[in-house]
Amino acid sequence: MKILTILKQVPDAESRVRVQHGSLDLTGATYVLDGMDEYGVEAALRVRESGVDAEIVAVGYGPAATDQAVRTALAMGADRAVLLEGDAFHDPLTVALALADVVREEAADLVFVGGKQADWDSAALGPALAEALGWAHVDWTTAFDLDGDAFEAVHDVDDGSETLRGRLPVVVTTQQGLNEPRYPTLPNIMKARRKTLDTRAADVGQDRMVVTGHAGTERERRRVMLDGDARSAAGELVRRLRDEAKVLREEGR
Amino acid sequence: MIDFELSPEQRQIRDLAQRFARDEVMPHAAAWDRDATYPADTVAAAADLGLLNVGVPTEHGGLGLAMLDEALVAEELAYACMGFYTILMASDLGVTPVVIKGTSEQQARFLRPLTEGPRLAAFALSEPDNGSDAAALRTRARIEGDEIVLDGSKMWISNGAEAEWVVVFATADPSAGHRGVVAVVVERGTPGLRAQPIHGKLGQRCAPTAELVLDGVRVPRANVLGEVGDGFALAMRTLDRTRIPVAAGSVGVARRALDEAARYAAERQAFGAPINRLQAIQFKLADMAINVETARLATWRAAWLVDQGRPDAAASAIAKCYASDAAFATANEALHVHGGYGYVDEYPVAKLLRDVKLNQIYEGTNEVMRLVIARSLVR
Ligand SMILES: Cc1cc2nc3c(=O)[nH]c(=O)nc-3n(C[C@H](O)[C@H](O)[C@H](O)COP(=O)(O)OP(=O)(O)OC[C@H]3O[C@@H](n4cnc5c(N)ncnc54)[C@H](O)[C@@H]3O)c2cc1C
């Protein structure tokens, strides 16, 4: 069988970005493989390691610098890669339609897509791709098992999780918790040098949607200082985190 | 003609080393230093990722990493802990003479096992009574039929007690000076070989160092690298290469010192503002950045020459000398920027200074580096 894993390069969450004239200035940012996409590569590798005879093809899209992300996938263990190269920003539906052509051409059975695009946060690419292909789709996936052409998956829903069963082909959208991606080891980095990377100009056709305006949101930090000794300051911090910020919950509540 | 862009693989190699350094080395470095523990598990984890013995050629199961690639790894690991990197570096120091001069039979016998697990090599040139004047070594090598018998002692041997084997330099003829030197591979457990750990080091305390006592150690002549008499030149050719990782490690320490100083200077307030508003502090940071950048340039150039098949003794010595002096100065200034807090172990800067002092001493002191550089100038 053939597994495709869709990749995008995004600014490193730890790199320095500046806001200028209401928009992001990304010059000087370092780029990495989107962490959500990394879960997809790892999931594909685990399917193969579970004993399935599978070819894994990493498919990247974006500017030429995306080859770095694609090579990371090759070094992690993907067999070969395709890069749809293009500088312009496209909406997720447009990208999904271009990717659907690759999926059909490769005659893939299983496609992993990062859950969100770390830079645009659209969470739309996986669903749009499944729709374009007319395939089943599993969203926010935290567990995935394959047995023949039958899969079982667990995915997050608002009040917990659901377990789903279905048959290939399927598009699986990743979520944190799906796995712990491996490091590309040095020997695998060296081996990846000899794997094929097929770069093509992205032919996306007409954009389905264009961004016409851009406005930044700025929020001041509260800069609250808690006085008093350590014990009372800690108590006050817990109270604020629980009652105001609502990031803490008491047991049973 | 000049291109400072790293290749995609080189960026991956650096990223891997950086990630490993951040996740597996940095969180433990202070405790290893305090307790002088040898981090066996982390060495094994490094071996799993392929970061150990990177110089072993591909035909013997290794990666045959280029020197520039090795420099990238060195900088990242030393950024987290120079002592930890010394463990890996000293193993490659042992590997290098076997790569340069070993027959393919010797390479298969000694190098392949190093690629099959977390196994170390070592290099034993220095002795209790001579270091800089290496040709004055006194360890005796007597040839008896098919065997070589070694007697003497070797001082300051990194990985000396842990290594699978050690390249021992000895003299077959003390009256012949450096022309009498022979390089012999001695395997651990050979009768008569004893390792005496050395304690109480100022820095790099997780990197084990030992004195090796050789008392009638018999090894087959098949363990001699090259011929009797080739040993000294082999030691020098080895060091011409391995000084580059010392330089690269120094760059890593310097970069860490700069980062620590910049962070602290942004947090620490004096006279109503962060101290990084003071031009005196800004200039220190600028000088540190000058050190990091220029040391890296010298290091990469020396590495590039090796990768072009033109290893250059003077270029390596310039890199090692300059980078380690620059790193020492940078760590010293970083400590100073921390004021009183720099003087205690609560912050990592004191360790940086203690650790990097060794870079000015081992693989030839920086005075010896100047001798090597001068030799290329004075004819
Ligand atoms: C932690 C540690 C690990 C080490 N690991 C190894 C190892 O794995 N293998 C190994 O073989 N060795 C190792 N060494 C030894 C190291 O390489 C030597 O310590 C170093 O070469 C200096 O030799 P020495 O200590 O005998 O000093 P000496 O040679 O006695 O020098 C003393 C001082 O005199 C100066 N000096 C000497 N000659 C000259 C000269 N001609 N001109 C100007 N100044 C001069 C030196 O620069 C130095 O400042 C290690 C040392 C340490 C501390």
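Residues numbered from 1 in each chain as written. Chains lettered and ligands numbered in written order. Predicted model: local features only at pLDDT ≥ 70, side-chain atom pairs only at ≥ 80, totals over all residues. Heavy atoms only, no water.

A word on the overall build of chain A
In terms of regular secondary structure, chain A is built from 6 helices and 13 strands. By its C-alpha atoms, chain A is 65 × 45 × 40 Å across when sized along the principal axes. For chain A, the proportion of contacts with a sequence separation of at least 24, taken over those separated by at least 6, is 69%. Split by element, the accessible area of chain A, about 14,500 Å² in all, is 48% carbon and sulfur. Averaging the locations of the 30 positively and 44 negatively charged side chains of chain A gives two centres separated by 4 Å. (Helix = DSSP H or I, 4+ residues; strand = E, 2+ residues; numbered from the N terminus. Contact = heavy atoms within 4.5 Å. Areas by Shrake-Rupley, 256 points an atom, 1.4 Å probe, with all protein chains shown as cover. Lys, Arg positive; Asp, Glu negative; His and termini not counted. Charge placed at Lys NZ, Arg CZ, Asp CG, Glu CD.)

Quick notes on the domain arrangement of chain B
Residues and elements named next belong to chain B. Split by domain assignment, chain B resolves into domain 1 (8-115), domain 2 (121-230) and domain 3 (233-377). Here the C-alpha centroids of domain 1 and domain 2 sit 22 Å apart. Each partner contributes to the interface: domain 1 provides 27 residues, whereas domain 2 provides 22 residues. Regarding the contact of domain 1 and domain 2, the summed buried area is about 2,000 Å², with carbon and sulfur atoms giving 65% of it. The salt bridge involving Asp33 is made with Arg205; its shortest N-O contact spans 3.9 Å. (Domains from an automatic or database assignment. Buried area = accessible area lost by both parts, 1.4 Å probe. Salt bridge = Lys/Arg side-chain N within 4 Å of Asp/Glu carboxyl O.)

Quick look at the interface of chain A and chain B
In this complex, chain A contributes 17 residues to the contact, which on the side of chain B involves 19 residues. Each partner contributes to the roughly 1,500 Å² buried at the junction of chain A and chain B, and carbon and sulfur atoms together form 61% of this total. The largest share of the area that chain A buries against chain B comes from Gln68(A), Tyr183(A) and Leu186(A), three residues that together contribute 45% of it. The interface formed by chain A and chain B includes 2 salt bridges.

Examining the environment of Gly28(A)
Topologically, Gly28(A) is positioned in the loop between strand 4 (23-25) and strand 5 (31-33). Exposure remark for Gly28(A): the relative accessible area of 72% places this residue in the exposed category. (Buried < 20%, exposed > 50% of the residue type's maximum accessible area, 1.4 Å probe, protein only.)

A few points about a nonpolar patch on the surface
All names here are of chain A. On the surface, Val17, Val19 and Leu24 cluster together into a nonpolar patch covering about 270 Å² of accessible area. Turning to its location among the elements, Val17 is positioned in the loop between strand 2 (9-11) and strand 3 (18-20). Taking the relative accessible area as the measure of exposure, Val17 reaches 38% and is therefore partly exposed. (Patch = residues over 30% accessible without salt bridge, like charges linked within 9 Å, V, L, I, M, F, W, Y side chains within 5 Å.)

So, the packing of helix 2 (residues 40-49) of chain B against helix 4 (residues 82-101) of chain B
Residue and element names in this part refer to chain B. Relative orientation of the contacting elements helix 2 and helix 4 amounts to 55°, with a least axis distance of 11 Å. Judged by the inter-axis angle, helix 2 sits oblique to helix 4. Crossing angle aside, the handedness with which helix 2 passes helix 4 is right-handed. Contact residues: helix 2 offers Thr42, Val43 and Ala46, while helix 4 offers Phe84, Ile87 and Leu88. Among the residues making up the contact of helix 2 with helix 4, the classes are represented as 5 nonpolar, 1 polar and no charged. (Axes fitted to C-alpha atoms, helices over the stretch in contact; angles between N-to-C directions. Parallel < 35°, antiparallel > 145°, perpendicular 65-115°, else oblique. Left-handed = near helix turned anticlockwise from the far one by under 90°. Nonpolar A, V, L, I, M, F, W, Y, C, P; charged D, E, K, R; others polar.)

Brief notes about the domain arrangement of chain A
What the domain assignment reports for chain A is domain 1 (2-201) and domain 2 (221-253). Put simply, the middle of domain 1 of chain A and the middle of domain 2 of chain A, counted by C-alpha atoms, are 39 Å apart.

Quick look at the site of the ligand
All names here are of chain B. Close contacts around the ligand come from 19 residues, with Ser126, Ser132, Trp156, Thr365 and Glu367 the closest. A distance of 2.7 Å separates a nitrogen atom of the ligand from a polar atom in the backbone of Trp156. Here an oxygen atom of the ligand and a side-chain polar atom of Glu367 are 2.7 Å apart. Protein chains bury 65% of the 970 Å² of accessible surface belonging to the ligand in isolation. Elements with a contribution of two residues or more to the shell around the ligand: strand 1 (121-124), strand 3 (147-158) and helix 10 (366-375). With 3 residues, strand 3 is the largest single contributor of residues to the shell around the ligand. (Near = heavy atom within 4 Å. Polar contact = N/O pair within 3.5 Å; in protein donor to acceptor, adjacent residues only side chain to side chain.)

As for helix 1 (residues 35-49) of chain A
All names here are of chain A. When the terminal C-alpha atoms of helix 1 are compared, their 21 Å separation across 15 residues agrees well with the 21 Å that a helix rising 1.5 Å per residue should span. The buried fraction of helix 1 is high, at 11 of 15 residues. Gly51 lies just past helix 1 and shows a positive phi near 110°. (Expected span 1.5 Å × (residues − 1).)

Considerations on the confidence of the model for chain B
Should the pLDDT be low somewhere, the predicted coordinates at that spot are not to be read in detail. With 100% of its residues at a pLDDT of at least 70, chain B reaches an overall mean of 97. Prediction confidence for the complex, expressed as pTM and ipTM, is 0.88 and 0.85 respectively. (pLDDT = per-residue confidence, 0-100.)

Digging into the environment of Ala29(A)
Residues and elements named next belong to chain A. Inspection of the secondary structure puts Ala29 in the loop between strand 4 and strand 5. For the pair formed by Ala29 and Ala96, sequence separation is 67 residues and the distance between their alpha carbons is 26 Å. Other than its neighbours up to four places away in sequence, Ala29 contacts Pro11, Ser15 and Arg16.

Remarks on the pairing of strand 2 (residues 140-144) of chain B
Residue and element names in this part refer to chain B. Summarising the sheet, strand 2 and strand 3 pair through 5 bridges and their orientation is antiparallel. Counterpart to Arg142 in the pairing with strand 3 is Val149. Connecting the antiparallel pair strand 2 and strand 3 is a turn made up of 2 residues, with Gly145 showing a positive phi of about 65°. (Pairing = 2+ DSSP bridges.)

Examining the nonpolar core
Ranked by internal contacts, the top residues of the largest apolar core, which has 113 residues, are Leu110(A), Phe112(A), Phe144(A), Leu186(A), Phe20(B), Leu51(B) and Phe84(B). Here this core takes 12 residues from helix 6 (residues 231-267) of chain B, the largest share from any one element. Those residues in contact with Phe20(B), other than ones at most four positions away along the chain, are Tyr183(A), Val25(B), Thr42(B), Ala45(B), Ala46(B), Leu49(B), Leu51(B), Leu77(B) and Phe84(B). Of all hydrophobic cores here, the second largest spans 24 residues; its members include Leu93(B), Leu111(B), Phe169(B) and Phe232(B). (Core = buried A, V, L, I, M, F, W, Y, C linked by side-chain atoms within 4.5 Å.)

Quick word on helix 4 of chain B
Residues and elements named next belong to chain B. Between the first and last C-alpha of helix 4 there are 28 Å, a value that for 20 residues agrees with the 28 Å anticipated at 1.5 Å per step. The sharpest bend along helix 4 reaches about 25° and sits at Val95, with the proline Pro97 one to four residues further on. Judged by how many residues are buried, helix 4 sits mostly within the fold: 18 of 20 residues are covered. (Bend = angle between axes of the 7 residues up to and from the residue.)

Let's talk about the sheet that holds strand 8 (residues 110-113) of chain A
All names here are of chain A. If you walk across this open sheet you meet the 9 strands as 11-10-9-12-8-1-6-7-13, and the pairing is mixed. Every other strand in the sheet has two partners, leaving strand 11 (160-167) and strand 13 (197-201) as the edge strands with one partner each. Averaged over all neighbouring strand pairs, the angle between strand axes comes to 30°, with direction disregarded. Here strand 1 (residues 2-7) runs beside strand 6 (residues 55-62); their pairing, made up of 6 bridges, is parallel. Residue pairing in the sheet places Leu7 in a bridge with Gly60 of strand 6.

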